[in-house]
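Tertiary structure, described
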Amino acid sequence: MTELSEGDRRVLINHLKMIHTAQQQVELLRKPHDDAAKPYNDIINRLEGIKSELLEQAGVELYHQQCEVCDAVLFVGDLGHTCGDGPVLCAEHSPTWDDAKRQWEERAECGDLSTDEQEDYTVFQQNYAARLAAGTTSEKITYEL
Ligand SMILES: [Zn+2]
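Being a predicted model, the structure only gives us computed values, none of them experimental.

For the rest of this paragraph, the subject is the overall build of the protein chain. Check the secondary structure of the protein chain and you find three helices and three strands. Order of helices (α) and strands (β) in the protein chain, N terminus to C terminus: α-β-β-α-α-β. Over its C-alpha trace the protein chain gives a radius of gyration of 28 Å, far above what one expects of a compact globule, namely 15 Å for 145 residues. In terms of its C-alpha atoms, the protein chain occupies a principal-axis envelope of roughly 80 × 45 × 25 Å. Considering only intrachain contacts with a sequence separation of at least 6, the fraction spanning at least 24 residues in the protein chain is 45%.

The next subject is the sheet that holds strand β1 (residues 79–82). Reading across the sheet, the three strands line up as β2-β1-β3 and stay open at both edges, with antiparallel pairing between neighbours. Either end of the sheet is taken by a strand with one partner, and the two such strands are β2 (88–90) and β3 (143–144).

What follows deals with the environment of Asn14. Examined against the element boundaries, Asn14 turns out to sit in helix α1 (residues 6–58). Residue Asn14 is classed as exposed on the basis of its 10 C-beta neighbours within 10 Å. Sequence separation between Asn14 and Glu144 is 130 residues, and the spatial gap between their C-alpha atoms is 58 Å.

A few words on the environment of His81. Residue position: His81 is located in strand β1. The class for His81 is buried, based on 21 C-beta atoms found within 10 Å. Separated by 62 residues in the primary sequence, His81 and Tyr143 place their C-alpha atoms 6.3 Å from one another. Residues contacting His81, with those up to four places away along its chain left out, are Leu89, Ser94, Pro95, Ile141 and Thr142.

Turning our attention to the packing of helix α2 (residues 97–109) against helix α3 (residues 115–134). At a minimum axis distance of 11 Å, the contact between α2 and α3 shows a crossing angle of 145°. Crossing of α2 over α3 shows left-handed handedness. Every residue of α3 that contacts α2 at Trp97, Ala100, Lys101, Trp104 and Ala108 is listed here: Tyr121, Phe124, Tyr128 and Arg131. Of the residues in the contact of α2 with α3, the class split is seven nonpolar, no polar and two charged.

Rules used in this analysis
- Residues numbered from 1 in each chain as written.
- Predicted model: local features only at pLDDT ≥ 70, side-chain atom pairs only at ≥ 80, totals over all residues.
- Helix = DSSP H or I, 4+ residues; strand = E, 2+ residues; numbered from the N terminus.
- Rg over C-alpha atoms; globule rule 2.2 N^0.38 Å.
- Contact = placed C-beta atoms within 7 Å.
- Pairing = 2+ DSSP bridges.
- Buried ≥ 20, exposed ≤ 12 C-beta atoms within 10 Å, placed from the backbone.
- Axes fitted to C-alpha atoms, helices over the stretch in contact; angles between N-to-C directions.
- Left-handed = near helix turned anticlockwise from the far one by under 90°.
- Nonpolar A, V, L, I, M, F, W, Y, C, P; charged D, E, K, R; others polar.

Below is the structure:
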């Protein structure tokens, strides 16, 4: 910790006192607004409580995002699709292996792939080849969210 001179210490304490006084004045100005918002905040909190109880009774946990296409509510463990920080999709709107192949090809043709993505694309191509051999490229690519 820095050693303050007596003068610097006095100036600092003076500034801290002024800040504290200003904060108290702002708190007083804010109070009527806080009081006015309280009934609404109480209702919002009660609804959150009901939501939590319903989820607990059902034994499920909400997934942090809904399907980007249809706004379907998703639970942790539901089947769906997400890719990196891209959109989350429900099982119905998840891409098939053929869809993903087309998307990869389009991006590769644009020269849009980073080195890491190029590696991911290579892995995808290997997986796609296995799917093609098994005749399952029209299946959706889903996993537990
Ligand atoms: Zn959907």
